[in-house]
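Examining the three-dimensional arrangement
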Amino acid sequence: MSTHGKPNGKASNGARHDDRDYEDSVDYVTMTIAGQLFGIPVLQVQDVLGPQRITRIPLAPPEVAGSLNLRGRIVTAIDVRLRLGLEPKPRDDHDMSIVVDHRGELYSLMVDGVGEVVAVATKDFERNPATLDPLWREVSAGIYRLNDQLMVVLDVSRLLNFATREAA
Amino acid sequence: MDDLLSEFLTETAENLSVLDLELVKLEQTPNDPGLLSNIFRLVHTIKGTCGFLGLPRLETVAHAAENVLGKFRDGRLEVTPEAVTLILQSLDTIKAILAELEAKEEEPAGDDAALIANLNLLAEGEQPDLDTLPASPLGPQPAPQAQPAAMAADPAEARADDMAAAMAEMAAADAAFAAAPQTEPVVEPEPEPAPQPVPEPAPAAKAPAPKAEPAAPSEAVETKDSAVAAQTIRVNVELLENLMTMVSELVLTRNQVMQILRNQKESEFAAPLQRLNHVTSELQEGVMKTRMQPIGNAWAKLPRLIRDLSHDLGKKIDLEMLGADTELDRQVLELIKDPLTHMIRNSADHGVEMPADRAAAGKTETGHVRLNAYHEGGHIIIQIADDGRGLNIEKIKAKALATGVAGEAELAAMTEQQVQQLIFKAGFSTAANVTSVSGRGVGMDVVRTNIEKIGGTIELKSVEGRGSTFTIKIPLTLAIVNALIVECGGERFAIPQISVVELVRAGGQSEHTVEKIHGTPVLRLRDRLLPLVSLRKLLKLDTAGGSESEQFIIVTQVGTYSFGIIVDRVFDTEEIVVKPVAPIMRHIEMFSGNTILGDGSVIMILDPNGIASSTGEISFAEEASHAAETKHKAHHEERMALLIFKAAGGAPKAVPLALVARLEEVEQKSIEISNGQMMVQYRGKLMPLVPFDPGSAIDRDGDGRKPVLVFTDRDRSMGLVVDEIVDIVEEYMQVELSGDGPGLLGSAIIDGKATDVIDAGYYLTQAYRDWFTSKGEAMVEEEHHERVLLVDDSPFFRNMLAPMLSVAGYTVTPVQSVDEAMALCDAGQDFDIIISDIEMPGMNGFDFAEKVKKNGCRWHHTPMVALSSHATPRDLDRGRRAGFNDYVAKFDRDTLLASLSETLSETRGTA
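Residues numbered from 1 in each chain as written. Chains lettered and ligands numbered in written order. Predicted model: local features only at pLDDT ≥ 70, side-chain atom pairs only at ≥ 80, totals over all residues. Heavy atoms only, no water.

Let's talk about the nonpolar core
Formally: By convention a nonpolar core is built from buried Ala, Val, Leu, Ile, Met, Phe, Trp, Tyr and Cys residues, the set being connected through side-chain atoms within 4.5 Å. Only protein chains enter the area calculation, which uses a 1.4 Å probe; residues under 20% of their type maximum are buried, those over 50% are exposed, and those in between are partly exposed. What makes two residues a contact is simply this: any of their non-hydrogen atoms within 4.5 Å.
With 57 residues, the main nonpolar core has Ile40 of chain A together with Phe493, Leu535, Phe591 and Ile611 of chain B as its most contacted residues. When residues no more than four places from it in sequence are discounted, the contact partners of isoleucine 40 of chain A are Asp27, Tyr28, Val29, Met31, Val45, Ile98, Val100, Leu109, Leu154 and Val156 of chain A.

Re the packing of aromatic side chains
This is how it is decided: Classification of ring pairs uses Phe, Tyr and Trp, with its six-membered ring standing for Trp, and accepts pairs whose centres are within 6.5 Å; under 30 degrees between planes counts as stacked, over 60 as edge-to-face, and the remaining range as tilted. Strands here mean DSSP runs of E at least two residues long; helices mean DSSP runs of H or I at least four residues long; both are numbered from the N terminus.
Summed over all chains, the structure comprises five aromatic pairs over all chains. Between phenylalanine 125 of chain A and tyrosine 144 of chain A, the aromatic rings sit 5.2 Å apart at their centres with planes inclined by 65°, giving edge-to-face as the arrangement. A residue pair is termed long-range when its members are at least 10 positions apart, and phenylalanine 125 of chain A in strand S9 (residues 125-126) and tyrosine 144 of chain A in strand S10 (residues 140-145) qualify at 19 residues. By relative accessible area, phenylalanine 125 of chain A is classed as partly exposed at 34%. Consider the rings of phenylalanine 493 of chain B and phenylalanine 591 of chain B, whose centres lie 6.3 Å apart with planes at 10°: the pair is stacked. Within this pair, whereas phenylalanine 493 of chain B is found in strand S9 (residues 491-496), its partner phenylalanine 591 of chain B is found in strand S17 (residues 591-596), the two being separated by 98 residues in sequence. Accessibility assignment for this pair places phenylalanine 493 of chain B and phenylalanine 591 of chain B in one class, buried. Here the aromatic residues Tyr28, Phe125 and Tyr144 of chain A are joined through ring pairs into a cluster of three or more.

Here's the deal with the sheet that holds strand S5 (residues 73-79) of chain A
Residue and element names in this part refer to chain A. Keep this limit in mind: Should DSSP find at least two bridges between two strands, the strands are regarded as paired. To get an axis, fit a line to the C-alpha atoms, keeping to the stretch in contact for a helix; angles then go from 0 to 180 degrees between the N-to-C directions.
Spatially, five strands are ordered S3-S6-S7-S5-S4 in an open sheet, and the strand pairing comes out mixed. A strand with exactly one partner marks an edge of an open sheet, and here the two such strands are strand S3 (45-49) and strand S4 (64-70). With strand direction ignored, the average angle separating the axes of adjacent strands in the sheet is 30°. Here S5 runs beside strand S7 (residues 105-111); their pairing, made up of four bridges, is parallel. For alanine 77, the partnering residue across the bridge sits in S7 and is serine 108.

Considering the sheet that holds strand S6 (residues 457-463) of chain B
Residue and element names in this part refer to chain B. If you walk across this open sheet you meet the five strands as S2-S4-S5-S7-S6, and the pairing is mixed. Looking at the sheet topology across the chains shown, the edges are occupied by strand S2 (317-322) and S6. Within this sheet the neighbouring strands show an average axis-to-axis angle of 10°, counted without direction. As defined by bridge partners, strand S5 (residues 379-386) adjoins strand S7 (residues 467-475) across eight bridges and the pair is classed as antiparallel.

Things to note about the interface of chain B and chain A
The figure often quoted for interface size is the accessible area lost as the parts come together. The following threshold applies: Take the accessible area each of two parts loses on contact, using a 1.4 Å probe, and add the two losses: that sum is the buried area. One speaks of a salt bridge when a side-chain nitrogen belonging to Lys or Arg is within 4 Å of a carboxyl oxygen belonging to Asp or Glu.
Counting residues at the interface gives 27 residues for chain B, matched by 24 residues for chain A. Between chain B and chain A lies a buried interface of about 2100 Å² when both sides are counted; carbon and sulfur atoms form 65% of it. Counting every contact that joins chain B to chain A gives one salt bridge. Of the charged contacts, one joins glutamate 491 of chain B and arginine 56 of chain A as a salt bridge, the two residues approaching to 2.7 Å between their closest N and O atoms.

Observations concerning a nonpolar patch on the surface
All names here are of chain B. Condition: Patch membership requires more than 30% relative accessible area and the absence of a salt bridge. Residues of like charge join within 9 Å; the nonpolar side chains Val, Leu, Ile, Met, Phe, Trp and Tyr join within 5 Å. With residues, only the protein chains shown are counted as cover, and all accessible areas are computed by Shrake-Rupley using a 1.4 Å probe.
The grouping of Ile233, Val235 and Leu239 at the surface amounts to a nonpolar patch, some 300 Å² of accessible area in total. Among the secondary structure elements, valine 235 is positioned in the loop between helix H12 (227-231) and helix H13 (237-263). Its relative accessible area of 36% is what places valine 235 among the partly exposed residues.

What to know about unusual backbone geometry
All names here are of chain A. The backbone phi angle of leucine 59 is positive, close to 70°, even though this residue is not glycine. One can find leucine 59 in the loop between S3 and S4. Judged by relative accessible area, leucine 59 falls into the partly exposed class, the value being 29%. A positive phi is found at arginine 103, a non-glycine position, where the angle reads about 50°.

Regarding helix H5 (residues 113-123) of chain B
All names here are of chain B. Condition: Summarising the geometry, the arc corresponds to the directions from the helix axis toward the C-beta atoms.
Along H5, the residues that are buried comprise Leu115, Ile116, Asn118, Leu119, Leu122 and Ala123. Seen from one end, H5 has its buried residues packed into an arc of 160°, which puts them on one side. On its buried face, H5 sits against helix H3 (56-73) and helix H4 (81-104). Positive backbone phi, approximately 90°, marks glycine 125, located one or two places after H5.

Thoughts on the environment of lysine 706 of chain B
All names here are of chain B. Along the polypeptide, lysine 706 turns up in strand S25 (residues 705-713). Its relative accessible area of 18% is what places lysine 706 among the buried residues. Sequence separation between lysine 706 and leucine 720 is 14 residues, and the spatial gap between their C-alpha atoms is 10.0 Å.

Quick look at the packing of H13 of chain B against helix H14 (residues 270-290) of chain B
Residues and elements named next belong to chain B. The criterion, for reference: Under this scheme an angle from 65 to 115 degrees is roughly perpendicular, one under 35 degrees roughly parallel, and one over 145 degrees roughly antiparallel; angles in between are oblique. Two helices that cross are described as forming a left-handed crossing if the nearer one is turned anticlockwise from the farther one by less than a right angle, and a right-handed crossing if clockwise.
With their axes 10 Å apart at the nearest point, H13 and H14 run at an angle of 155° to one another. The pairing of H13 with H14 is recorded here as roughly antiparallel in orientation. H13 and H14 meet at a crossing whose hand is left-handed. Across the interface between the two elements, Leu240, Leu243, Met244, Val247, Leu250, Val251, Arg254, Val257, Met258 and Leu261 from H13 touch Ala270, Leu273, Gln274, Asn277, Thr280, Ser281, Leu283, Gln284, Val287, Met288 and Thr290 from H14.

Written out as structure tokens, the structure reads:
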């Protein structure tokens, strides 16, 4: 697995890890939502975006913030806060999004802030605590124990599953 | 060259080159089942296509090879180098034949018996005799360049020749090389696979081959590579789609840059940008072309279809195809393929008559179906015309009634054109009998839905006896459409230009205003009320923003349903590239897609079809699913337009609107008395007037006017004087109580109010005593539920008898001709009794009765009562002979009712 070379400019200083961890470590793009650290496997991430002009989509599920133009491709923006049952954050100039590919379609996950790319050791992985909020447990693939905080791994396909569930 | 043939050559050349490689691999790994089944499939495909195209020689060779491969695959035969050699030989034979085929467009003559015999021997597990193979697969006329080799042939070399006739030049130079046929498969001029197979198979061949020069095979292959195959390459459609997306993006970026340039007066970028502009446009055009295919591709199967059809149906049909090279987007092509096939089938099956019928109608025995495609203003027009019998208006009406697609009142109000359009409704099929060819429930409605789905329209013109023409108009491409950009609730939306009929500005300075009925907005547009849909409400947009005082209405048409969409603002039109919405939003039917505008923002594209179906207008799908229900309803409760008026106090009165010829206002002064009867001069004649309320005095000296309902039957008119005309409503006529006074049929709940339904017949007798001999007394009270079919050409009597009979407890189905009645018969409807008029245009009552009473008719046992104004004993007699159970004078209501119950109890007794 490559540890460098994602288009994110912050990737280079984020990829500091010991070479001996090479075999059993995974790279995650980190982000924060309401003070909580989340991670998405770096290979799933297509892009990191700053604030974008978003077109609202009437009648769409509330979690769908709208759609935006990413170099000629139409990307559906998802408000992750709403998906996690949190209050929507007032829009400001510092909105960040992570663009992921899900079954050939691009989705832009709107988060509070995007952090670095970190390499985490697989031995630090934990299953979801049984007491976790069901809504969170649904979209979390597990927890990593980092030195100073805990990182929730977002399961992108389950995160985007809400609409199919509603439509069905 | 025939398209089909050239496609076959390209495809087969590809398959063969794959096969060559695969076979060589097979020799190295003889037991790879995946490889074996792939090879088998490829040969099978070649065999199949040859059979389809009628190339027997190719087919037999491929078949024999397939046999052997089948044994390989099933493990019943061991893969030996000899066997592979033989297979390769047959492939070479195929190639040689193909080369001839390409040059001459016909299969060369020749005999492959030896090869086939060997293959068969192999298939049976015996050792084939490789030496007996003929020198050249092309038989007596070998390809010219093969000749030197053939002449120099000794047995070993001869064998080599037949494997590589086209490689003859090389074979002559190095005959020994030819003994290693396995090198030949390398079609791609890549050198790597070539040297590999050489060492292995060589020892297996009887004459060991010296080393072949690696360059030689590829050179040889190049000379024999199919010219057709070389001109075209196959590209994955996905790649083209991606290219298209990229070009669209480039176009949008170009637009943006050009916009910036316009704002700068002088720029050194001007010239290069101009160039960029041109190149981009050309590139866009070029890429668009890669998606284009001639429409003939969709037609390829039609001649065969017509041939089979004419054979099956015993008709003579000529199919003429014009403009087969008209190109359109392959996506559109795929979508219209099936509708086109269906329509051609329809034309041949329903349109074109039997040769005898055609001759009788003075036409040539051979019917013509013409298919014509051409470009017109950014659209493709496809016409399907036949010179057959055309659409039969009466049949369609009967069918529409029978299937519940339209009610009688609706039908009466329709023009011929509108009636013809009914065939596009769900659940409609004009052929009275379902044949194997067409009429399987998926009819023209599906065709229409499919065409509208891609933004197209379909029109129909038909002249009875002369033929029908369908005109389909579809956009050239789905990729780029013209769209109108509108704003509502602060959001912008695009509406495909093709669905926009007109734009109306309402409010503000405009002459148009949006009016409301119980909160439902409507617009008066050229003397018609147009239903409106508020986009803001529909999409649940913010109510803030946008002024109520000025609005824009986009008049849209979906099928025959027109409606207006209210928006806040209208911008320009723009060319947009339609992209599908993300899967998580596909269930929102208001949008057909989304796109990126020139300014880079994303915009949703509204779908007028979705809006129409979500705002009340029944969608096609819904209609289909409720068809059964509607059908049921239509036959038990006929919707009827009723005129509501007030007279003589009390409850409002109602009379079937169809009975009323006109509504007039008569000046009281102009009323004259003649022979004790009030009269008024009306249209140059004297028309008797009857006051609804005999007690109410008409003040002939007073000013003022009185509303009059004018009833007309044939040439006689009378006026019924009432107090006030209230409304016209359309209701299910369900008369609930039998009326107790003269002139009343009963009461019904109409528009939520108890309303007296008047018996127009009673008042007619007041005007003309000879019009009826009705006493207007109490009718048979007993509750029947017998179903009555009423056949009468006079709408007046149908409308009079239908309510009267339904009051008497019968369920009445009125039709206006024998044809319609027979259509119901064919549709499988059953009735307990048939009442038929005698004098009718077309088939009269006697003929009808004879037809019904004939053995084999569905209604064979249904009793019939004749109804006629001529009730002489002679008529009676003739009626009985024709099969009528009873014969009643037309205006004798009591006798009719008595006769009905009598006849019914009689038949019940005998049954």
